Amino acid sequence: MKLSARYNRVNLVTTVIVMLFTGIIYYQAISWILTNQKDKDLKVEEQEVFDYVALNHRLPQIFESDDQQITFYNARPGSIQREFIDTKFYKILDKNDVQRKQGKTHAAEYESGRALISSVAVGNKYYKIQIIVSKVETEYLIRIIFMITIGVILFLVLILLITNRLILNRLWQPFYNIMKELRLFSLTDANDIAKVDTNIDEFRELNQAVLTMAEKAKHDYKDLKIFTENASHELLTPIAVINSKLDTLIQTENFSAQQSKLLNDLYSAVSRLNRLNQSLLLLVKIENRLLHEQQRINLHDLVEEMIVQFGEIFQDKDLKVTYSLANKEIYASRYLAEILLSNLFSNAIRHNNKGGEIAIDLTEESLTIKNTGDAMPLNGEEIFTRFHKSSHSEGSGLGLTISRQICENFNFSLNYTFQNGYHTFIVEF
């Protein structure tokens, strides 16, 4: 989720919660204010009743109107407690209202109302006073005010979201430009990361940090590349000299069995050192994408060529090879493709049993190489790490590492599974 989207979501949720909380308080406040005004009107009516009784020494007539009712009831002295209550207002409809609402000649309806319960003494008699006023207009007014307020708040929230979206997109544009430059950045590319013009201090500092990091990374990469090439080149010379001296030494004299064995072990160790040096140099070139020669390759033909090349080795180890090859073309380096196939074939031969089997299957989606061998499955990820090899292996431990790196270079994937007693390596295109 993008930061702007996360910010808008949090902002929206917070605004809605605050709006609901504020709306409830606002509604209650308006309701309290208008109800308090109704109570003041009821007090006025009560005082008019008291004034009338004091002046005339009798009760006024029972009064009813469209929005107010005053009634009197006999009561015991001291039994009435003065209070304001919410109640129902009994409204008698006129003829026009009846015909419009119900189609009847007489009808009545109940509305919400506000009442004042009080008492008055007239001579020796004690009366309960009930003054009720309708709250329909008050509630309608509250709803209108509340809806207008909510509408204004929602409109402001909408404007705020649109403004935030537009402003945030503009504010974060330098960040997106920096990210674009980082995605296009390559250690092998001669072009530097472009400087992003912005008046925001944080983005300007970020851009400067990225520029410094890229410059240092290119400098370190250049030093590492030079060191690797020089180290490999310097190693080749003494290895070649040792090989030459060993060849000369072997041809000059007759050696005992023990001396011959020592010389043979030494010769094998130098050969392994030479292969290791070449493998490490190749791995560095692949990881840093220094091999750019790419072309269209027919994998069907290339796999057939590799099978022919390894034919004698298959026969020496008495391996049964079966294959099913479909036509498949890829756009890649032929040199790296040959190394990939050679490493996978060598791995299937080296870790196979004498008289075992190798099955090769090429389809439009994948290349699968299966071989018999140990009955236990291998660690699927550990085998692709550098210098990982079994105790009896004579390899350098870099073959599968190089193979996976080549696949990643081609945007392929190389995985291992153990299926039905076969060690299976799958290259998915």
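Conventions and cut-offs
- Residues numbered from 1 in each chain as written.
- Predicted model: local features only at pLDDT ≥ 70, side-chain atom pairs only at ≥ 80, totals over all residues.
- Heavy atoms only, no water.
- Helix = DSSP H or I, 4+ residues; strand = E, 2+ residues; numbered from the N terminus.
- Buried < 20%, exposed > 50% of the residue type's maximum accessible area, 1.4 Å probe, protein only.
- Areas by Shrake-Rupley, 256 points an atom, 1.4 Å probe, with all protein chains shown as cover.
- Salt bridge = Lys/Arg side-chain N within 4 Å of Asp/Glu carboxyl O.
- Contact = heavy atoms within 4.5 Å.
- Polar contact = N/O pair within 3.5 Å; in protein donor to acceptor, adjacent residues only side chain to side chain.
- Phe/Tyr/Trp six-rings, centres within 6.5 Å; stacked < 30°, edge-to-face > 60°.
- Lys NZ or Arg CZ within 6 Å of the ring centre and 35° of its normal.
- Pairing = 2+ DSSP bridges.
- 1 Å grid on protein atoms, 1.4 Å probe; cavity = no way out; pocket = protein on both sides within 12 Å on 5 of 7 lines; lining within 4 Å.
- Points joined across faces, edges and corners; volume = space filled by probe spheres on them.
- Nonpolar A, V, L, I, M, F, W, Y, C, P; charged D, E, K, R; others polar.
- Core = buried A, V, L, I, M, F, W, Y, C linked by side-chain atoms within 4.5 Å.
- Patch = residues over 30% accessible without salt bridge, like charges linked within 9 Å, V, L, I, M, F, W, Y side chains within 5 Å.
- Arc of directions from axis to C-beta.

1. A short note on the overall build of the protein
Here comes step 1: Across its full length, the protein carries 10 helices and 12 strands.
Here comes step 2: A total of 429 residues make up the protein; the buried ones form 34% of that total.
Here comes step 3: Put simply, the protein shows about 27,900 Å² of open surface, and 54% of that area lies on carbon and sulfur atoms.

2. So, the pattern of salt bridges
It is possible for side chains of opposite charge to pair when their charged atoms get near one another.
Here comes step 1: Counted according to the given criterion, the structure contains 9 salt bridges.
Here comes step 2: Put simply, Asp39 and Arg114 hold a salt bridge, and the shortest N to O gap is 2.8 Å. Of this pair, Asp39 sits in helix H1 (residues 3-56) while Arg114 sits in strand E4 (residues 108-122), placing them 75 residues apart in sequence. Each member of the pair, Asp39 as well as Arg114, is classed as buried.
Here comes step 3: Asp201 is paired through a salt bridge with Arg204; the nearest N and O atoms lie 2.3 Å apart. Of this pair, Asp201 and Arg204 are both found in helix H5 (residues 201-252), 3 residues apart, which corresponds to roughly one turn of the helix.
Here comes step 4: Classification of Asp201 as partly exposed rests on a relative accessible area of 42%.

3. Examining the environment of Asn353
Here comes step 1: Mapped onto the elements of the fold, Asn353 is located in the loop between helix H9 (334-350) and strand E9 (357-362).
Here comes step 2: Apart from residues lying up to four places away in sequence, Asn353 is in contact with Lys317, Leu319, Thr372 and Gly373.
Here comes step 3: A distance of 3.3 Å separates a polar side-chain atom of Asn353 from the backbone oxygen of Gly373.

4. Structural notes on the packing of aromatic side chains
Here comes step 1: Counted by the stated rule, this structure contains 10 aromatic pairs.
Here comes step 2: Taking 5.1 Å as the distance between ring centres and 70° as the angle between the ring planes, the aromatic pair formed by Phe412 and Phe429 counts as edge-to-face. Pair noted here: Phe412 is in the loop between helix H10 (399-409) and strand E11 (413-419) and Phe429 is in the segment after strand E12 (422-428), with a separation of 17 residues, a long-range link.
Here comes step 3: Given the relative accessible area of 16%, Phe412 is considered buried.
Here comes step 4: The structure contains a cluster of three or more aromatic residues connected by ring pairs, namely Trp172, Phe175, Tyr176 and Phe203.
Here comes step 5: The cationic tip of Lys370 hangs over the ring face of Tyr422; the distance from NZ or CZ to the ring centre is 5.2 Å.

5. Considering the pairing of strand E5 (residues 125-134)
Here comes step 1: By the criterion of burial, E5 is predominantly enclosed, with 8 of the 10 residues buried.
Here comes step 2: Relative to E5, strand E2 (residues 68-74) is paired through 7 bridges, and the arrangement is antiparallel. Looking at E5, one finds that Asn74 is bridged to Tyr127.

6. Remarks on empty space enclosed by the protein
Here comes step 1: With the rule as written, the count across this model stands at 2 cavities of 30 Å³ or more.
Here comes step 2: Together, Leu299, Ile330, Ala337, Leu340, Leu341, Leu367, Phe410, Phe412, Val427 and Phe429 line the second largest cavity.
Here comes step 3: For the lining of the second largest cavity, the class distribution of residues is 10 nonpolar, no polar and no charged.

7. Re the nonpolar core
Here comes step 1: Counting 41 residues, the largest nonpolar core has Phe314, Leu344, Phe345, Ile358, Ile360, Ile406 and Phe425 as the members making the most contacts within it.
Here comes step 2: If one sorts the elements of this core by residue count, H9 sits on top with 9 residues.
Here comes step 3: Leave out the neighbours within four places in its chain, and Phe345 touches Val303, Met306, Ile307, Phe310, Phe314, Ile360 and Ile369.
Here comes step 4: Formed by 13 residues, the second largest nonpolar core is a distinct cluster that contains Leu59, Ile70, Ile129 and Ile131.

8. Brief notes about a nonpolar patch on the surface
Here comes step 1: Taken together, the side chains of Tyr140, Ile144, Ile148, Val152, Phe155, Leu156 and Ile159 make up a nonpolar region of the molecular surface, amounting to roughly 690 Å² of accessible area.
Here comes step 2: With respect to the secondary-structure elements, Leu156 resides in helix H3 (residues 136-171).

9. Comments concerning helix H7 (residues 299-309)
Here comes step 1: When we look at burial in H7, the residues that qualify are Leu299, His300, Leu302, Val303, Met306 and Ile307. Seen along its axis, H7 keeps its buried residues to an arc of 170°; they face one direction. Across from the buried face of H7, at angles greater than 90 degrees, the exposed residues are Val308 and Gln309.
Here comes step 2: Close packing links the buried residues of H7 with strand E6 (295-298), helix H8 (311-316), strand E7 (320-325), strand E8 (329-332), H9 and E9.
Here comes step 3: Its side-chain oxygen placed 3.0 Å from the backbone nitrogen of His300, Asn298 serves as the N-cap of H7.

10. Considering unusual backbone geometry
Here comes step 1: One non-glycine residue, Asn411, lies in positive phi territory at about 65°.
Here comes step 2: Here Asn411 lies in the loop between H10 and E11.
Here comes step 3: Owing to a relative accessible area of 68%, Asn411 belongs among the exposed residues under this scheme.
Here comes step 4: A positive phi angle is found at Asn420, which is not glycine, with a value near 55°.
Here comes step 5: The residue Asn420 is located in the loop between E11 and E12 in this model.

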